[in-house]
Amino acid sequence: MSSSRVLQEWVVNWLVKYLNVSENLIDDDCAFSDLGVDSVGAVTLVGDIEDYLDCELEPTLLWNYPTIKELVAYLETSSKSSKLVLKASIR
Amino acid sequence: MSLKWMTFVQLMHDMSSRVGDRYSLACLPKGEGVPDTLTYFELDRRAQKIAGYLRERGLVGERVLLLYPSSNEYIVAFLGCLYGGVIAVPAYPPKNNHHASRLSNIIVDADVKAVLTHSSLYEKIIEQVCAEMYVASDEIDGTYPAWRNDVILSSDVAYLQYTSGSTGAPKGVMVTHENILINCDLYSKGVSVGRGGHHVSWLPLFHDMGLVQGILLPLYLGATAVFMPSERFIQKPIRWLRAISDYKAVMTGGPNFAYDLCVKRILDKDREGLDLSGWQVAVNGAEPVSKATLDSFMAAYAPYGFSPGSFFPGYGMAETTLYVTAGDIEAAQPEITYIDKEVLKRYQVEVLLDVENPNAVPIVACGKIYSDLLIEIVNLDSLKRCLSNEIGEIWVSGDSVCLGYWGREKETVDAFKNYLSEYPGKFFLRTGDLGFIRNGQIYITGRLKDMIIIRGENHYPQDIEKTVEESHPALRIGGFGAAFSVLINGEENLVVVQEVERTQRNKVDIDDLRDAINRAVFSVHGLHAYSVLIVNPGEILKTSSGKIQRHACRKKYLNRLFKMAKGMSGVGGANSYSYDKK
């Protein structure tokens, strides 16, 4: 599986668990805010991604990457986490 | 009131000479691990250096905006302003360009002359924030004329506390040195917390509770202020309790939701080894205090040494520096009164002894009233003192009530310059909160103003309404939307109702409108609306002069009487059908 696919699935799973919404309501173009994420959810998600990828991220990341697609693309391309995404895809 | 110190600067300088090698600040940037520390001596020196620089730049008496993440440098710069006789304006670095443009409202309102920030943010801040002068305080070095203790007066304004982080019509409360000293004195006596020791905070430093309770109070007591950025707490609430346990903190606090998070988002295994037995003062303030929260927190953490007598439900606001009341040191646990909710609607108090009565609602007392502050309940129509069984507006008078709002004469007179015939010559602050007094304790039952309080943060409905109407071109602009809150499971939740433009109503996809509103409300305010309703033109209730009637809109919403725009009802999505669900 591609690293972006792994990440995307991880984020969707997180949203399903955190927001208690059905997975089929979520697609790539969804903005986190449409799904019910507020500022508490936004920084919590970033903290959990930090743990998952073992990297450091700006807590305000979701303000600049408001959709699942944009966030995953950022995580994949940002140089400091690209190695970590690879790590994720191996897992 | 006679105080030992004339100004907060004098106090800090005194601490430096008496307990200079003690830690004043211990910041946990990651929420855990090794803290960044500064002793009282180091803090005094660095503040003097910044003060010298600001003076040389001619900023004495001017306003300086502080844009820092939660860090020791934030406090160094804040105190540097105070030492230099410069008025500090605590704020925070913008999250994005949208936020940055909101900051400009504060810059204009306070007539800010310079921005102080950290060198790591310097370039970004210049790009995002428009100001006359930018200074990276951590790079200030060099020698400046010897600092003198005598140029600042106790009546001087030390800082402006903005009551909302992102408001279109910002109001900056003028807090004097005397206000800080008196409020810290009253607060420490009111909760009976001694000198020294450790305090813990995760509250934002631009927030009145974060600044005064989290930092200034511990400094006033010669204690160590252990603090972390708020997102570190939100991400892992255990970090707060861990810091309390590790540092044997005597006092800390937060809004009600923080205690809820500790119950819901901390696993049993993460609680292992916690020792909360040294935690004497657990303040719960800045939003309504819920009995259910107190009960569940107690049940979860009593096994770790938390005692019910440590709960201090509190009441306060920026306009009173912070503290008005908090808990009761003599009570074994917070006092709770059950009142009849039907009688409450008529602004009357009927105490119910039968707690099983279906009309009984528990109200948690928000602290014992001491004689240093005058607190009266005032009838809204007669503007005279209420009878003991009446609910009215809470009015406060005393030396830690602030001067007023910076540059806003009319708002200052309306809020701060009120009289009661029983107290000739005394000014009272109208708090806008509703409540009653029983057994010398204050109870809050509601709010007069339309302010929406979510997770301890104040949001003005007009700000949210502006964000909403500007979020999509098919929405009717110029005040045809209403933002208000409804209680869901005892928690305040945001509801947005907005009219669609007549010419657009059959052309646009309702889902697009709702998504646009959701994104904008999150981006600007960090909130998620429980319910977003797109309604037909003419549905929003207004007065004859065109003012939005939010209370009436709220009632219309609860009675499900809004005529929704085509395609609105029954549509899927996170918050569209909640209107139908109820």
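These numbers were taken from a predicted model, which means no experiment stands behind them.

Some details on the overall build of chain A
The secondary structure content of chain A amounts to six helices and zero strands. Looking at the 91 residues of chain A, the share that counts as buried comes to 35%.

A look at the overall build of chain B
Scanning chain B for helices and strands turns up 18 helices and 25 strands. The C-alpha radius of gyration of chain B comes to 24 Å, within 12% of the 25 Å expected for a compact globule of 582 residues. Dimensions of chain B along its principal axes, counting C-alpha atoms only, are 70 × 60 × 60 Å. Burial analysis of chain B (582 residues in total) assigns 53% to the buried set.

Points about the sheet that holds strand 20 (residues 441-447) of chain B
All names here are of chain B. One open sheet holds the six strands; their spatial order is 15-16-20-19-18-17, and the pairing between them is antiparallel. Of all strands in the sheet, those bounded by a partner on one side alone are strand 15 (336-340) and strand 17 (374-378). Across the sheet, the mean angle separating the axes of adjacent strands is 50° when strand polarity is ignored. Pairing analysis gives five bridges linking strand 17 to strand 18 (residues 392-397), with the strands arranged antiparallel. For E376, the partnering residue across the bridge sits in strand 18 and is W395.

Re the interface of chain A and chain B
Taken together, the 19 residues of chain A in the interface contact 19 residues of chain B. Elements with a contribution of two residues or more to the side of chain A that touches chain B: helix 2 (32-35), helix 3 (39-53) and helix 4 (61-64) of chain A. When residues in the side of chain A that touches chain B are grouped by element, the largest group, five residues, is from helix 3 of chain A. Along the lines of polarity and charge, the residues of the side of chain A that touches chain B split into ten nonpolar, seven polar and two charged.

Here's the deal with the nonpolar core
All names here are of chain B. Counting residues in each nonpolar core, the largest one holds 165 residues, and the members touching the most others are V64, L65, L66, A88 and V89. A per-element tally of this core places helix 3 (residues 72-84) first, with nine residues. Once residues lying within four places of it in the same chain are set aside, the contact partners of V89 are R63, V64, L65, L66, I106, A110, V112, Y159, L160 and G172. By size, the runner-up hydrophobic cluster in this structure holds 37 residues, among which are F522, I534, V535 and M568.

With respect to the pairing of strand 19 (residues 429-438) of chain B
All names here are of chain B. Examined bridge by bridge, strand 18 and strand 19 share four bridges and lie antiparallel to one another. Counted as the bridge partner of V396 is L429 from strand 19. Two elements, strand 19 and strand 20, share six bridges in a ladder whose sense is antiparallel. Directly across from L434, in strand 20, lies its bridge partner G446.

Some details on helix 15 (residues 461-469) of chain B
Residues and elements named next belong to chain B. The element helix 15 is extensively covered by neighbouring structure, given that seven of its nine residues are classed as buried. For helix 15, every residue scored as buried is listed here: P461, D463, I464, E465, K466, T467 and V468. Where helix 15 is buried, its residues contact strand 21 (452-454), strand 22 (457-459), strand 23 (481-488), strand 24 (491-499), helix 16 (510-525) and helix 17 (550-558).

Things to note about helix 3 of chain A
Helix length check: helix 3 of chain A, at 15 residues, gives a terminal C-alpha distance of 21 Å against a target of 21 Å (1.5 Å per residue), a fit within 8%. Along helix 3 of chain A, the residues classified as buried are A:S39, A:V40, A:G41, A:A42, A:V43, A:T44, A:L45 and A:I49. Summarising the contacts, the buried residues of helix 3 of chain A are in contact with helix 1 (3-19), helix 2 and helix 4 of chain A together with helix 8 (230-235) of chain B. Once helix 3 of chain A finishes, A:D54 follows within two positions and takes phi at roughly 50°, a positive value.

Structural notes on the sheet that holds strand 25 (residues 531-535) of chain B
Residues and elements named next belong to chain B. The strand order across the open sheet built from three strands is 23-24-25, with neighbouring strands paired in mixed fashion. Of all strands in the sheet, those bounded by a partner on one side alone are strand 23 and strand 25. Mean inter-strand twist for the sheet, computed between neighbouring axes without regard to direction, equals 20°. In this sheet, strand 25 lies alongside strand 24 in parallel orientation, the contact comprising five bridges. In the strand pairing of strand 25, V496 is matched with V532. Along the sheet face, helix 15 touches strand 23 and strand 24 and points at about 120° away from the line of strand 23. Each of strand 23 and strand 24 is contacted by helix 17, which is oriented at about 60° to strand 23, the strand it contacts most.

Points about the confidence of the model for chain A
Here chain A averages 86 in pLDDT, while 85% of its residues score no lower than 70. Taken element by element, the predicted model of chain A shows its lowest mean pLDDT in helix 6 (residues 79-90) of chain A (58) and its highest in helix 3 of chain A (93).

Concerning the domain arrangement of chain B
Per the domain assignment, the segments making up chain B are domain 1 (338-402 + 428-447) and domain 2 (460-581). For domain 1 of chain B and domain 2 of chain B, the distance between their C-alpha centroids amounts to 32 Å.

Digging into the packing of helix 1 (residues 8-19) of chain B against helix 2 (residues 40-56) of chain B
Residue and element names in this part refer to chain B. Two elements in contact, helix 1 and helix 2, have axes whose closest approach is 8 Å; the angle formed by their N-to-C orientations is 140°. In terms of orientation, helix 1 lies oblique with respect to helix 2. Both helix 1 and helix 2 take part in a crossing whose hand is left-handed. Contacts between helix 1 and helix 2 involve M12, H13, M15, S16 and V19 from the first element and Y40, F41, D44 and A47 from the second. Looking at the contact of helix 1 with helix 2 residue by residue, the class counts come to six nonpolar, two polar and one charged.

Cut-offs applied
Residues numbered from 1 in each chain as written. Chains lettered and ligands numbered in written order. Predicted model: local features only at pLDDT ≥ 70, side-chain atom pairs only at ≥ 80, totals over all residues. Helix = DSSP H or I, 4+ residues; strand = E, 2+ residues; numbered from the N terminus. Buried ≥ 20, exposed ≤ 12 C-beta atoms within 10 Å, placed from the backbone. Rg over C-alpha atoms; globule rule 2.2 N^0.38 Å. Pairing = 2+ DSSP bridges. Axes fitted to C-alpha atoms, helices over the stretch in contact; angles between N-to-C directions. Contact = placed C-beta atoms within 7 Å. Nonpolar A, V, L, I, M, F, W, Y, C, P; charged D, E, K, R; others polar. Core = buried A, V, L, I, M, F, W, Y, C linked by C-beta atoms within 7 Å. Expected span 1.5 Å × (residues − 1). pLDDT = per-residue confidence, 0-100. Domains from an automatic or database assignment. Parallel < 35°, antiparallel > 145°, perpendicular 65-115°, else oblique. Left-handed = near helix turned anticlockwise from the far one by under 90°.

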